[in-house]
Each structure stands twice: as C-alpha cells, then as structure tokens.
Amino acid sequence: MQRRDFLKLSIGTAAAAAIASSATAQGALKEIRIGYQKTGVLVIARQRAALEKHFAPQGIDVKWIEFSSGPPMMEAMNVGSVDFGAVGDSPPVFAQAAGAAIVYAAAQPVTNGQGILVPKHSPIRDIADLKGKRVGFTKGSSAHNVVVQTLEKAGLTYADITPVYLTPPDAGPAFANGSIEAWAIWDPYFAIGETKQNGRILINAREVTKTNSFYIANRDFAKNHGTILQQIVEVTTAAGTWAEQHRDEVARSLAAITGVPLDIQTVAANRANFVVGPVTDDIVATQQGVADRFYKLGLIPKPIVIRDIVWRNPAA
C-alpha cells in the first residue's frame, strides 16, 4: 500500500506524523556507506554498480569501504561510519554482546568455501590431531565459530589448542612459514591457502555445522531509513540471483574489485552460494546456537537473544 493511501484512510495524527518524519529523514539522505570484504555478493553489486544505478535517481551516492574481516566492520558500523555490510556469523554475535548498534537485515547460508587448512605434508590427519597445536584465525570471525564447533566434534575443548589470533592478511604468511600449524579461514583466503600456499583441507565447515553469513545494518540507519534499507536488500538479493547464473563473470568481477588473482576467485566463485534471503526462524535458531556456545565458553560476556536485533521492515 502506498503512503498516500495510508493517509487517505485517516490512520491518525500520530501515525501520519511518524510517516512524515520518516519521509523527511529519508529525503535528507545523501550517501549510503557500504562495508564489504574480498568476496561475496556486495563485491558483485559494486562491480556492476547495481546500487549506484538504483539510487542515482534519488540523489543518493554510494560509498564503498573495504574491510579485511567482519569484526572491524562491526566496530565501524557501531559508531555510524558504515550503514550496511556483509559479515560471517560470529562478528555480529560479539558485536551484540558488546552493545553495538546493529541489526540483522538479511541472510545467506554458507554451503562451501570455509574450513580449516593444514600444510600438505602435515602429520595432522584428523580433528583430534589439532590437540596441542597452534591454530590461526581471526578472533570474533566466522572462522572462530568453525574452530569451536570443529573441536566439539572431536571431543576437544578450546583449551586443547593454542589459538593464534591473526587477521587474514597476517595469517596467510604465518601459515606459509609454519608459524601456525592450522588455519581456519574463508574464501578467497581459503582458496589461496589451498592453491598457492601448499595447504590441504582438514575439514570443510559444512561437515561440522550449518553456517550463515549476514547483511547487517546500523541500527539508527535501519530506524530512520527503513525504506532505503529495504531497497538495498532488494538490490543485493537481485545481484545474488544474477551471480548464481553467471559464475565466470562473478569471478572476473571479484578479481577486478579485490585484486585477488582470477584463478583464485574462480575457485571461490564456483563453490559459493550467492542466494540472499530473509533471516528465517531456522537461521535465527542456528545463530542463537552460536551465541549460546560462545557465552558458555566465556568468549562473550553475557547471554544475548539474536531475535532482539533482527530487523523487520515496518512498511512490509
């Protein structure tokens, strides 16, 4: 139903004032700041200028900000430097536990492209062999969750390994020179480790647990610009639908935007899932399991309720 139809129905002074206020806030918006990493649907949307084409008629510019991983993106979003971005499952859990001003806007199941690598000739042959080993990963990232759940699968505890907290750009060289004995990571770094750094897949994340990636928005942006946020989600969803059918072009787009070689991005693109959708009850339950597990392990300071920050478009 259009806004003018709501007004015709005389829904009341307060509601009309709220609509007018929302319209004013949206009309004042001049720029949308998008956080992205070196893979995923947002990179494709950027290469195709999908958001720019959509919002140009509304007089809204799009600014792209690259991050090496999800945690720093969540920090930037919390302080209002980023309006919308894509991350794995763990960063928003840590952010919510810290009181960050974020909401879940959409989700994307992860079916491949992340796991734990070991050197090709490593004596580590199964999960139990990780006991006592130095395992590198980014603290608070989706790889953190993969490590925790992988250890549980083998009956190990977090205390059974030596976690080495490294960003992806730092972890790659550490893996290559033997400073860490295993590396939990996602594409395209996962593909780099396999093909360029003599890595062997110890475990693929899908063998351990269901995982999701998420599209997160700044809470105030979602509150003040709900119609715009819905449009961002719709354009992102359309980009994902296109990507599912054009993987060769996706690989070229990812390589062009990120600077990661085409052969690496081809591996990543061919095994990725690009389908973007709503944050369903099943996804909320899976994400709640991540949060509960992290609280039990003392990785976050308090229990949280994922559903509390799932955004629902009030105009839907």
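First, a word on what this report is: a plain description of the structure on this page. Counting starts from 1 at the beginning of each chain's written sequence and moves along it residue by residue. Only residues with pLDDT of at least 70 get local features here, since the model is predicted, and only at 80 or more are side-chain atom pairs given and counted; chain-wide, interface and lining totals rely on the full set of residues. The basis for every side-chain value is the complete set of non-hydrogen atoms in the structure, without hydrogens or water.

### Overview of the nonpolar core
Threshold: In this description, a nonpolar core means a group of buried Ala, Val, Leu, Ile, Met, Phe, Trp, Tyr and Cys residues linked to one another through side-chain atoms lying within 4.5 Å. Think of it in three bands: with a 1.4 Å probe and only protein chains considered, a residue is buried below 20% of the maximum accessible area for its type, exposed above 50%, and partly exposed in between. We call two residues in contact whenever any of their non-hydrogen atoms come within 4.5 Å of each other.
If you look at the biggest cluster of nonpolar residues, it comprises 61 residues, and the most contacted ones within it are Val-93, Tyr-104 and Leu-130. Contact partners of Val-93, with chain neighbours within four places excluded, come to Tyr-104, Gln-287, Val-290, Ala-291, Phe-294, Ile-300, Ile-304 and Ile-306. If you look at the next biggest cluster of nonpolar residues, it comprises 39 residues, including Tyr-36, Phe-84, Val-103 and Ala-269.

### What to know about the side chain of Gln-287
The condition that has to hold: Where helices and strands are cited, they refer to DSSP runs of H or I of at least four residues and of E of at least two residues respectively, numbered from the N terminus.
Note that Gln-287 resides in helix α14 (residues 281-296). Gln-287 sits in the buried class, given a relative accessible area of 1%. When residues no more than four places from it in sequence are discounted, the contact partners of Gln-287 are Asp-89, Pro-92, Val-93, Tyr-104, Phe-214 and Ile-306.

### Some words on the sheet that holds strand β7 (residues 162-165)
Under the convention used in this document: DSSP bridges decide pairing: two strands pair if at least two such bridges lie between them. Axis lines are fitted to C-alpha atoms, over the contacting stretch for helices. Their N-to-C directions set the angle, which ranges from 0 to 180 degrees.
An order of β7-β6-β8-β5-β9 is seen for the 5 strands of this open sheet, with the pairing classed as mixed. Unpaired on one side and paired on the other, β7 and β9 (199-204) mark the two borders of the sheet. In this sheet, neighbouring strand axes are inclined to one another by 30 degrees on average, regardless of whether the strands run parallel or antiparallel. Relative to strand β8 (residues 182-186), strand β6 (residues 134-137) runs parallel, the two sharing 2 bridges. By the bridge assignment, Val-135 is partnered in β8 with Ala-182. Sheet strands touched by helix α8 (residues 168-176): β5 (114-119), β8 and β9. Its angle to β8, the strand with the most contacts, is close to 145 degrees.

### What to know about the sheet that holds strand β1 (residues 31-36)
Sheet strands line up and pair through hydrogen bonds in the backbone, either parallel or antiparallel. Spatially, 5 strands are ordered β2-β1-β3-β10-β4 in an open sheet, and the strand pairing comes out mixed. Sheet topology places β2 (61-66) and β4 (102-110) at the edges, where each strand pairs with a single neighbour. Direction aside, the axes of adjacent strands within the sheet are offset by 20 degrees on average. The sheet contact formed by β4 and strand β10 (residues 211-218) spans 8 bridges and is antiparallel. Bridge assignment links Ala-106 to a residue of β10, and that residue is Tyr-215. Relative to strand β3 (residues 84-87), helix α5 (residues 70-78) is tilted by about 155 degrees, and along the sheet it contacts β1, β3, β4 and β10.

### A few points about α8
Turning to α8, its buried residues number three or more, namely Pro-168, Ala-171, Gly-172, Ala-174 and Phe-175. For α8, the elements touching its buried residues are β5, β8, α9 (189-195) and β9. Of the residues flanking the end of α8, it is Gly-178, one or two places downstream, whose phi is positive at about 85 degrees.

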